[in-house]
Amino acid sequence: MGLFDLVKGRPSYMGQLQFDMSVFQFYGERFKYDSFQHFWHATTPKTDGGEARLVDQLYACEVEFPKDDFLHAQLAQACLDIEKHWFNTYGISPESHSLFLKISLQARQAYEESIALEPAAQVESNPELRVDGCNASFKKYEQSLAQQGLPPFDEAVKIHYFMNDINENLSAPFKYSGSVLKVLEQDSYMQDDDVSWGRWTLFRDTTGYTDIWIVRIEGGRAEVVKMVCKVDADSYSLDEAPKGIQFDSEIFKAIDKTRITAFDNSEFNDPPPPYFQMLSMMKAIAGHSDSAS
């Protein structure tokens, strides 16, 4: 009878915290693949020489809850929801992976703390709403990244992101203080209806080098939030102090060009450019708006 009662008393549905932990732990494998499609359909070698679907690692938890009819579809949907947000905010990189691991760790800690409680103190939510609950947990853990002790990104990593894939072939030239300023059209990014971002280059006649500007545009005005300056043939420096721009007719044309190309680029639903991914990661671990806002 004791064994029967134990089995009989087991929950029929996976709890919210276990669901969150299972999803976040599995999604951590996503960073090994160049696309969500490759990740979701990946296989892993078995000891007998065959192959197993990677996603079976996620679905393995279903064995504990054979009567949980919602679970299979919800696990997949929660992973897809995370992909839509994470990929379109931080991208997939070793740096963004380090942030995600802190989210996964928070979920595991919450679950482990819950199972240590007396059954009467354990609160379970509606199993039909587990995906919504998972998204809410994800947002909470994401907002807590600044308290997780992540070190700031070093200058070399930031410069790498701010300079990544510079290509001036598709650019619109303008004049600024007697120098050539170029709006890199493929790098224009529309954050929302009010804010756009651009990557501009400015050739310095005095040195023969080109500076890279990360530009934030709001209300028809632009501000340089980060600037990478070439120091010599082999080295660069990063200036993170926001800088105003001297406005004239050419600059307003550059602003308009950036906003137009940002809107055009948004129609392709591509992820943000690497420089914006770094700004987003910097903001997440700093906990305040010293970057993307």
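The rules behind these values
- Residues numbered from 1 in each chain as written.
- Predicted model: local features only at pLDDT ≥ 70, side-chain atom pairs only at ≥ 80, totals over all residues.
- Heavy atoms only, no water.
- Axes fitted to C-alpha atoms, helices over the stretch in contact; angles between N-to-C directions.
- Helix = DSSP H or I, 4+ residues; strand = E, 2+ residues; numbered from the N terminus.
- Parallel < 35°, antiparallel > 145°, perpendicular 65-115°, else oblique.
- Left-handed = near helix turned anticlockwise from the far one by under 90°.
- Contact = heavy atoms within 4.5 Å.
- Nonpolar A, V, L, I, M, F, W, Y, C, P; charged D, E, K, R; others polar.
- Buried < 20%, exposed > 50% of the residue type's maximum accessible area, 1.4 Å probe, protein only.
- Phe/Tyr/Trp six-rings, centres within 6.5 Å; stacked < 30°, edge-to-face > 60°.
- Lys NZ or Arg CZ within 6 Å of the ring centre and 35° of its normal.
- Disulfide = S-S within 2.5 Å.
- Pairing = 2+ DSSP bridges.
- Salt bridge = Lys/Arg side-chain N within 4 Å of Asp/Glu carboxyl O.

Student: Tell me about the packing of helix 2 (residues 16–27) against helix 6 (residues 94–115), and please be specific about residues and values.
Tutor: At a minimum axis separation of 9 Å, helix 2 and helix 6 run at an interaxial angle of 150°. Classed by the angle they form, the pair helix 2 and helix 6 counts as roughly antiparallel. Seen from above, helix 2 lies across helix 6 with left-handed handedness. On the side of helix 2, the interface is formed by Leu17, Gln18, Asp20, Met21, Phe24, Gln25 and Tyr27, while helix 6 contributes Phe100, Ile103, Ser104, Ala107, Arg108, Ala110, Tyr111 and Ser114. When the residues that make up the contact of helix 2 with helix 6 are grouped by side-chain class, the tally is nine nonpolar, four polar and two charged.

Student: Would you mind going over the environment of Glu113 in detail, with residue names and values included?
Tutor: Along the chain, the position of Glu113 falls in helix 6. Relative accessible area serves as the criterion here: at 55%, Glu113 is assigned to the exposed category. Note: C-alpha distance between Glu113 and Asp239 (126 residues apart in sequence) is 44 Å.

Student: I'd like a description of the packing of aromatic side chains, backed by residues and values.
Tutor: One pair of aromatic rings is described through two measures. These are the centre distance and the angle between the planes. For the coordinates displayed, the defined rule picks out 24 aromatic pairs. For the pair Trp86 and Phe138, a centre-to-centre distance of 6.0 Å together with 80° between the ring planes defines the contact as edge-to-face. Here Trp86 is found in helix 5 (residues 71–87), whereas its partner Phe138 is found in helix 7 (residues 130–143), with 52 residues between them in sequence. Take Trp86: its relative accessible area is 0%, and that puts it in the buried class. One Lys or Arg, Arg221, reaches over the ring of Phe247 and ends 4.4 Å from the middle of that ring.

Student: Any chance you could break down the state of the cysteines for me, citing the residues and the numbers?
Tutor: Applying the stated criterion to the full structure yields zero disulfides. Among the cysteines around Cys61, which has no disulfide bond, Cys79 carries the closest sulfur, lying 9.9 Å off.

Student: Give me the pairing of strand 3 (residues 171–176): which residues, what numbers.
Tutor: Summarising the sheet, strand 3 and strand 4 (residues 179–184) pair through six bridges and their orientation is antiparallel. Each bridged residue has a counterpart across the sheet, and for Tyr176 the counterpart in strand 4 is Ser179. Here strand 3 folds back onto strand 4, and the loop between the two strands holds two residues, one of which, Ser177, carries a positive phi near 50°.

Student: Describe the pattern of salt bridges, listing the residues and the values that go with them.
Tutor: Under the criterion given, the structure shown has 13 salt bridges. Residues Glu240 and Lys226 are paired through a salt bridge, measuring 3.0 Å at the closest nitrogen-oxygen approach. Placement of the pair is Glu240 in the loop between strand 9 (236–239) and strand 10 (243–244) and Lys226 in strand 8 (residues 221–230), with a sequence separation of 14 residues. Lys243 is the salt-bridge partner of Asp239, the closest N and O atoms lying 2.4 Å from each other. For Lys243, a relative accessible area of 28% gives the class partly exposed. Each of Lys158, Lys226 and Glu240 takes part in a single network of salt bridges with overlapping partners.

Student: Any chance you could break down the environment of Phe26 for me, citing the residues and the numbers?
Tutor: Tracing the chain through its elements places Phe26 in helix 2. In this structure Phe26 comes out as buried when scored by relative accessible area, which is 4%. For the pair Phe26 and Leu58, spaced 32 residues apart in sequence, the C-alpha to C-alpha distance is 5.9 Å. When neighbours within four sequence positions are excluded, Phe26 is seen to be in contact with Phe39, Trp40, Leu54, Val55, Gln57, Leu58 and Cys79.

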